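The primary structure of each chain is shown beneath.
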Amino acid sequence: RSSDLFEVDWRYSFAQATRLEPDRRDYQYVQTPSTNDYAMEPGSNGNERLFGDMTDKTHEGGLDLTLPFGIWSKLTAKAKAGGLIYSRDRDAEVRRFQYSVPSSATFDRTASPDDLFDPSHVGTGPNDLRFQEVTLASDFYGAKMKLQAGYGMLELPIVSSLDLMAGARVEH
């Protein structure tokens, strides 16, 4: 604040959020009704490895100016004006890989994921696990948001216990 007559308030903030998923693994076992054992179901439902990275940065700054001035009955009115700048950038990328379990698999589908997805079970044969990339176009994106705003406002006391406030704001 610069004085009791004229006020200047300013603010600035910066925030950054990141998320790194270096190797998320999702596996789905389904209970077999005949044996009550849990086994990896044929197909590719839920058997996925995901590698993701996301960065989100936000900048925000603002300035508010207030000019008090005397009016009737020794009451004080205020003229206010100000502005805001807001910027946000996000970049995200994900790569997805999926294991497909053939119904003709000869290995034990009730084994632990470490044993089941052993490299010796992955291949191109009819009984082998398939490991394929299934990344979608929507898994990579960049987004930006920019906002600039300004306002003007008048705070006018009618009587000591009643104020009239009017203003306008514009955003781009």
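Everything numeric here is computed off the predicted structure, so don't read it as measured data.

Let's talk about a negative patch on the surface
At step 1: Taken together, Asp37, Asp108, Asp114, Asp115 and Asp118 make up a surface patch of like negative charges.
At step 2: Take Asp115: it is sitting in helix 1 (residues 113-116).
At step 3: By relative accessible area, which is 48% here, Asp115 ends up partly exposed.

Describing the pattern of salt bridges
At step 1: Following the criterion strictly, the structure yields 15 salt bridges and no others.
At step 2: A salt bridge links Asp64 to Arg11, with the shortest nitrogen-to-oxygen separation between them at 2.9 Å. Here Asp64 is found in strand 4 (residues 48-70), whereas its partner Arg11 is found in strand 1 (residues 7-26), with 53 residues between them in sequence.
At step 3: When its relative accessible area of 38% is taken as the criterion, Arg11 is described as partly exposed.
At step 4: Across the pair Arg169 and Glu171 runs a salt bridge whose closest N-O atoms are separated by 2.8 Å.
At step 5: Among the ionic contacts, a cluster of salt bridges with common partners joins Arg19, Glu21, Arg24 and Asp26.

Some words on a nonpolar patch on the surface
At step 1: There is a patch of nonpolar side chains on the surface, built from Leu5, Phe6, Trp10, Tyr12, Phe14, Leu63, Leu65 and Leu67 and spanning about 850 Å² of accessible area.
At step 2: Listed by contribution, the elements that provide at least two residues to the nonpolar patch are strand 1 and strand 4.
At step 3: Secondary-structure assignment places Leu63 in strand 4.

Quick notes on the rules
Residues numbered from 1 in each chain as written. Predicted model: local features only at pLDDT ≥ 70, side-chain atom pairs only at ≥ 80, totals over all residues. Heavy atoms only, no water. Patch = residues over 30% accessible without salt bridge, like charges linked within 9 Å, V, L, I, M, F, W, Y side chains within 5 Å. Areas by Shrake-Rupley, 256 points an atom, 1.4 Å probe, with all protein chains shown as cover. Salt bridge = Lys/Arg side-chain N within 4 Å of Asp/Glu carboxyl O. Lys, Arg positive; Asp, Glu negative; His and termini not counted. Charge placed at Lys NZ, Arg CZ, Asp CG, Glu CD. Helix = DSSP H or I, 4+ residues; strand = E, 2+ residues; numbered from the N terminus. Buried < 20%, exposed > 50% of the residue type's maximum accessible area, 1.4 Å probe, protein only.

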